[in-house]
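# Observations on the model geometry
Each chain, written out:
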Amino acid sequence: MKISVCIIICLALAVEIVADSLDTELDSKEIATEDLKDLLFTSMQSIISLNDLVTGLSKQIAELTISSAQTTAKMEISTAETSIATASLSRELEDLKKKVSTMNDNFTDLESRKKDKGPWKCYHYTESDREWRANHEATEAEMCERVTGGKFTRGKNDMVPDCGTCWCCQDQSALIPVDGGWGFWSDWGECSAECDGGVQTRERSCTDPAPAHGGVECRVEGEESRECNSEQCPDYTMYILCDDVLTIYVDGTERQAAGLSTWNVMSTLNIPASSELIAVKCFNGGGGYGIIGSVQDAEGGDILATDSSWKCSNTLESGWSLPGFKEGNTWRAATDLGDSNHMMGQNGGGKDVPSPNKRAIWTDSSSDITVYCRKTI
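Conventions used here
Residues numbered from 1 in each chain as written. Predicted model: local features only at pLDDT ≥ 70, side-chain atom pairs only at ≥ 80, totals over all residues. Heavy atoms only, no water. Helix = DSSP H or I, 4+ residues; strand = E, 2+ residues; numbered from the N terminus. Contact = heavy atoms within 4.5 Å. Areas by Shrake-Rupley, 256 points an atom, 1.4 Å probe, with all protein chains shown as cover. Core = buried A, V, L, I, M, F, W, Y, C linked by side-chain atoms within 4.5 Å. Buried < 20%, exposed > 50% of the residue type's maximum accessible area, 1.4 Å probe, protein only. Pairing = 2+ DSSP bridges. Phe/Tyr/Trp six-rings, centres within 6.5 Å; stacked < 30°, edge-to-face > 60°. pLDDT = per-residue confidence, 0-100. Salt bridge = Lys/Arg side-chain N within 4 Å of Asp/Glu carboxyl O. Polar contact = N/O pair within 3.5 Å; in protein donor to acceptor, adjacent residues only side chain to side chain.

## Focus on the overall build of the protein
Each helix and strand counted, the protein has four helices and 16 strands in total. Within the protein, residue pairs in contact and separated by at least 24 positions form 68% of the contacts whose partners lie at least 6 positions apart. Accessible area of the protein: about 24,100 Å², with a carbon and sulfur share of 53%.

Here it is in structure tokens:
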């Protein structure tokens, strides 16, 4: 723009110089008509050239004006965009200020709760808690989480009133209910029977986590059972004799065996390991008397032997040989006849009974002819 103005000024000066030159020529000498025509023609050509130059300069000035207007528009657009961006940043700054204000309010509320609310509950670590922390490499925060059963309020080093030296302290007015959760199942317990089918159980506890602060207890059962040792047990073996005639009942059923009616001869028979009751009747035809016997398992161990733990009676009662029979006043502890009894001697049949704990038994009266004795296995 400045260059174009300078050119116009120069052209104006040139025109002025030409005009001055013409005046000078006309004043200094007399000019011929033809020469004057030539001079005028030359001046006209100079004026036309100057006019063309001015036209070209006008075009350049117009183009420069348009370019300047475009630049100005771009600057205005840029200024507007900058204003918009500034407004957006201002809004974000206001939002950030609000968030900071909210955080400050929450912090103030938390500090107020620590100072003003309660009651506070104090928790102390147990030995099992310390073992758990060591095994799990837990932080103090995780430890407090465990012992409180929920989100803890503070650790030992926090400044909270009424907590003293507690490791963990909790504001009971702000506790969150924690529903109970099942822990792992325990190992299966011992089977209730060695054979013929037993039951074993296992348990789990509602401690992962334990219900707290009004939370719901665990649902369903915390114990389950299953059958075990279902294989059939080997039979037991009974060895028994009496002076004189013997009758044997197993769970109310009469059993037969060789030697039952011969005194001083031991009878042997197998009985189910599931048997519940042994009952015997002995008839004494005169002279010596007594009952002696035992029951052994498959390995030869004692299941039972005749001794004073048996109950005997001289009275026949209905159902006396059954497991569910109720023993009345006529049933008393069996009398041990002692080592001098003829059945216990070297020549007595009792020497063949394998149990070292066997004893000869009877009622408390030697005059009883028929005796009934029973023993629960």
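## Quick look at the nonpolar core
Counting residues in hydrophobic clusters, the biggest one holds 27 residues, and the most contacted among them are I248, I278, V280, I291, W310 and C373. Contributions of two or more residues to this core are made by strand 5 (236–243), strand 6 (245–250), strand 8 (267–271), strand 9 (277–283), strand 10 (290–296), strand 15 (361–362) and strand 16 (370–376). It is strand 5 that provides the largest number of residues to this core, a total of four residues. In this structure I291 touches I240, L241, C242, V280, C282, T306, M343, R359, A360, I361, W362 and C373, once residues within four positions along its chain are discounted. Core analysis: the next-biggest nonpolar cluster, separate from the first, contains six residues, Y249, A279, F325 and W331 among them.

## Details of the pairing of strand 5
Strand 5 sits mainly inside the fold: seven of its eight residues count as buried. With five bridges connecting them, strand 5 and strand 8 associate as antiparallel partners. Bridging across to strand 8, M238 finds its partner in L269. Looking at chain direction, strand 5 and strand 10 are connected through seven bridges and run antiparallel.

## Quick notes on unusual backbone geometry
The omega torsion of the bond from D208 to P209 falls at 0 degrees, within 30 degrees of zero and hence cis. Of note in the backbone geometry, V220 takes a positive phi value of approximately 65 degrees without being a glycine. Relative to the assigned elements, V220 resides in the loop between strand 3 (198–203) and strand 4 (223–228). When its relative accessible area of 72% is taken as the criterion, V220 is described as exposed. Non-glycine residue D251 carries a positive phi angle of around 50 degrees.

## Section: the sheet that holds strand 6
An order of 7-6-9-16-12-13 is seen for the six strands of this open sheet, with the pairing classed as antiparallel. Looking along the sheet, the strands with just one partner apiece sit at the ends: strand 7 (253–255) and strand 13 (332–333). Of the pairings in the sheet, the one linking strand 6 to strand 9 comprises six bridges and is antiparallel in character. Each residue of the ladder has a partner; that of I248, found in strand 9, is V280.

## Topic: the packing of aromatic side chains
The tally for this structure, following the rule as stated, stands at five aromatic pairs. Centroid distance W320 to W331: 6.2 Å. Interplanar angle 20 degrees. Geometry classified as stacked. Remark: W331 occurs in the loop between strand 12 (311–313) and strand 13 and W320 occurs in the loop between strand 12 and strand 13; sequence separation between them is 11 residues. The class for W331 is buried, based on a relative accessible area of 6%. Taken together, the ring pairs connect Y249, W320, F325, W331 and Y372 into an aromatic cluster.

## Looking at the environment of G180
Tracing the backbone through its elements, the reader meets G180 in the loop between strand 2 (168–171) and strand 3. Along the backbone, G180 and A212 are 32 residues apart, and their C-alpha atoms lie at a distance of 7.4 Å. The contact partners of G180, leaving out residues within four places of it in the chain, are C206, P209, A210, P211, V216 and C218.

## Details of the confidence of the model for the protein
For the protein, mean pLDDT is 79; residues scoring 70 or higher make up 69% of the total. Across residues 25–31 the pLDDT falls below 50, and counting only partners more than four positions away or on other chains, this stretch makes four contacts in the model. pLDDT under 50 marks residues 105–118. Its contacts with residues more than four places away, or in other chains, come to 12 contacts.

## Regarding the pattern of salt bridges
Enumeration over the complete set of coordinates arrives at six salt bridges. Two residues, K311 and E327, come together in a salt bridge whose shortest N-O distance is 3.6 Å. Highlighted residues: K311 in strand 12 and E327 in the loop between strand 12 and strand 13, separated in sequence by 16 residues. For K311, a relative accessible area of 31% puts it in the partly exposed group. In this structure E327 comes out as partly exposed when scored by relative accessible area, which is 35%. Between R359 and D336 there is a salt bridge, with the nearest N and O atoms lying 2.9 Å from each other. Taken together, the residues span a long stretch of sequence, with R359 in the loop between strand 14 (335–336) and strand 15 and D336 in strand 14 at a distance of 23 residues. Given the relative accessible area of 35%, D336 is considered partly exposed.

## Describing the side chain of T237
Relative to the helices and strands, T237 resides in strand 5. Within the structure, the side chain of T237 is placed 3.3 Å from the side chain of N270, a separation counted as a polar contact. In contact with T237, other than residues within four places in its own chain, are T268, L269, N270, S294, V295 and Q296.

## Comments concerning the pairing of strand 6
In terms of burial, strand 6 is largely enclosed, as five of its six residues are buried. Looking at chain direction, strand 6 and strand 7 are connected through three bridges and run antiparallel. Counted as the bridge partner of I248 is R255 from strand 7. The turn linking strand 6 back onto strand 7 is made up of two residues, and D251 within it adopts a positive phi angle of 50 degrees.

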